[in-house]
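# Architecture at a glance
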Amino acid sequence: CKQKSDETSLSAFRFVAAPAFRTWCVGEGVQGVSVDYALPNNGGEIPELTPSHSDKAVIPLKRMRYSHFGCNVVHEDLAYDLGVDVHEAKMSLKKSVEKLSKGRLPAEHGHGTEYSAPVDTKERWMKMDPSNVMNPGIGGLSSKKFYKD
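Residues numbered from 1 in each chain as written. Predicted model: local features only at pLDDT ≥ 70, side-chain atom pairs only at ≥ 80, totals over all residues. Heavy atoms only, no water.

## What about the side chain of Asp77?
- Along the polypeptide, Asp77 turns up in strand 3 (residues 73-80).
- One buried charged side chain, Asp77, makes no salt bridge at all; its nearest oppositely charged neighbour is Lys90, positioned 9.4 Å away.
- Not counting chain neighbours up to four residues away, the residues in contact with Asp77 comprise Ala17, Ala18, Phe21, Val33, Ser34, Lys62, Arg63, Met64 and Tyr66. (Helix = DSSP H or I, 4+ residues; strand = E, 2+ residues; numbered from the N terminus. Buried < 20%, exposed > 50% of the residue type's maximum accessible area, 1.4 Å probe, protein only. Lys, Arg positive; Asp, Glu negative; His and termini not counted. Salt bridge = Lys/Arg side-chain N within 4 Å of Asp/Glu carboxyl O. Contact = heavy atoms within 4.5 Å.)

## Things to note about the confidence of the model for the protein chain
- When pLDDT is averaged across the protein chain, the result is 83; 89% of the residues are at 70 or more.
- Ranking the elements of the protein chain by mean pLDDT puts helix 1 (residues 4-28) last with 83 and helix 3 (residues 119-128) first with 92. (pLDDT = per-residue confidence, 0-100.)

## So, unusual backbone geometry
- Here the phi dihedral of Lys102 falls at roughly 60°; this positive angle occurs in a residue that is not glycine.
- Summarising the element assignment, Lys102 is placed in the loop between helix 2 (86-100) and helix 3.
- Of note, Tyr147 is a non-glycine position whose phi angle comes to about 60°, a positive value.
- One can find Tyr147 in the segment after helix 3.

## Quick notes on the nonpolar core
- The biggest cluster of nonpolar side chains holds 14 residues, and the ones touching the most others in it are Val35, Tyr37, Leu78, Tyr80, Leu93 and Leu105.
- Mapped by element, the contributors of at least two residues to this core are strand 1 (31-38), strand 3 and helix 2.
- The contact partners of Leu93, leaving out residues within four places of it in the chain, are Val35, Pro47, Leu49, Arg63, Leu78 and Leu105. (Core = buried A, V, L, I, M, F, W, Y, C linked by side-chain atoms within 4.5 Å.)

## Concerning helix 2
- Compared with an ideal rise of 1.5 Å per residue, which puts 15 residues at 21 Å, helix 2 spans 20 Å between its outermost C-alpha atoms and is within 8% of the ideal.
- Along helix 2, the residues classified as buried are Ala89, Lys90, Ser92, Leu93, Lys94, Ser96 and Val97.
- For helix 2, the secondary structure elements touched by its buried residues are strand 1, strand 2 (62-67) and strand 3.
- For helix 2, the side-chain oxygen to backbone nitrogen distance between the N-cap and His87 is 3.1 Å, and the N-cap itself is Asp85.
- Following helix 2 by one or two positions, Lys102 has its phi on the positive side, about 60°. (Expected span 1.5 Å × (residues − 1). Polar contact = N/O pair within 3.5 Å; in protein donor to acceptor, adjacent residues only side chain to side chain.)

## Observations regarding the sheet that holds strand 2
- Strand order in the open sheet formed by 3 strands is 1-3-2, with antiparallel pairing between adjacent strands. Taken across any chain shown, the strands that pair with only one partner, and hence form the sheet edges, are strand 1 and strand 2. Direction aside, neighbouring strands of the sheet carry axes that sit 15° apart on average. (Pairing = 2+ DSSP bridges. Axes fitted to C-alpha atoms, helices over the stretch in contact; angles between N-to-C directions.)

## As for the side chain of Lys94
- Tracing the backbone shows Lys94 in helix 2.
- Take Lys94: its relative accessible area is 13%, and that puts it in the buried class.
- Lys94 has contacts with Leu105 and Tyr115, leaving out every residue within four places of it along the chain.

## Observations regarding the pairing of strand 3
- Strand 3 sits mainly inside the fold: 8 of its 8 residues count as buried.
- Of the two faces of strand 3, the one lined by Val73, His75, Asp77 and Ala79 and the one lined by Val74, Glu76, Leu78 and Tyr80 are each fully buried.
- Sheet topology places strand 1 next to strand 3; 8 bridges connect them, and they run antiparallel. Among the inter-strand pairings, Gln31 is bridged to a residue of strand 3, identified as Tyr80.
- Where strand 2 and strand 3 come together, 6 bridges link them in antiparallel fashion. Pairing of Met64 across the sheet is with Asp77, part of strand 3.

Here it is as structure tokens:
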């Protein structure tokens with residue numbers, strides 16, 4: 001950046017890009033999905049979304065990628081037609097990030113209830129919260145007290 005205003009503009013972009021994308025999706029009558037993932041420090045390739053990498057991969061109508069300067073966390077916004085199963089598309093991207101790009105999804109916004117966490121992460125959470133009252137259902141764990149099924 002040559003001027004202080006350039007730094008401010010670049011910083012603001014990250015915070016307006018996702019809401020602008022969502023607004024565009026609503027206006028166009030399409031589905032939008034946002035993901036964040038981390039690529040390895042030594043690079044990692046841009047995850048491909050082609051049918052050759054997955055039997056169920058669907059090519060998005062729009063794909064917008066942006067990342068943090070100085071680290072390998074990538075934010076990606078994808079737009080799909082209304083008939084597309086966006087959860088399936090997101091899981092296809094997850095597979096591509098992890099298998100082909102050697103990255104991890106999710107990266108900075110946690111596992112939530114949508115992604116299954118790695119076994120060692122689940123074990124750590126269960127040890128920290130044996131009664132399962134702090135974040136029930138997170139990372140693919142049970143949502144019931146004491147992790148009962």
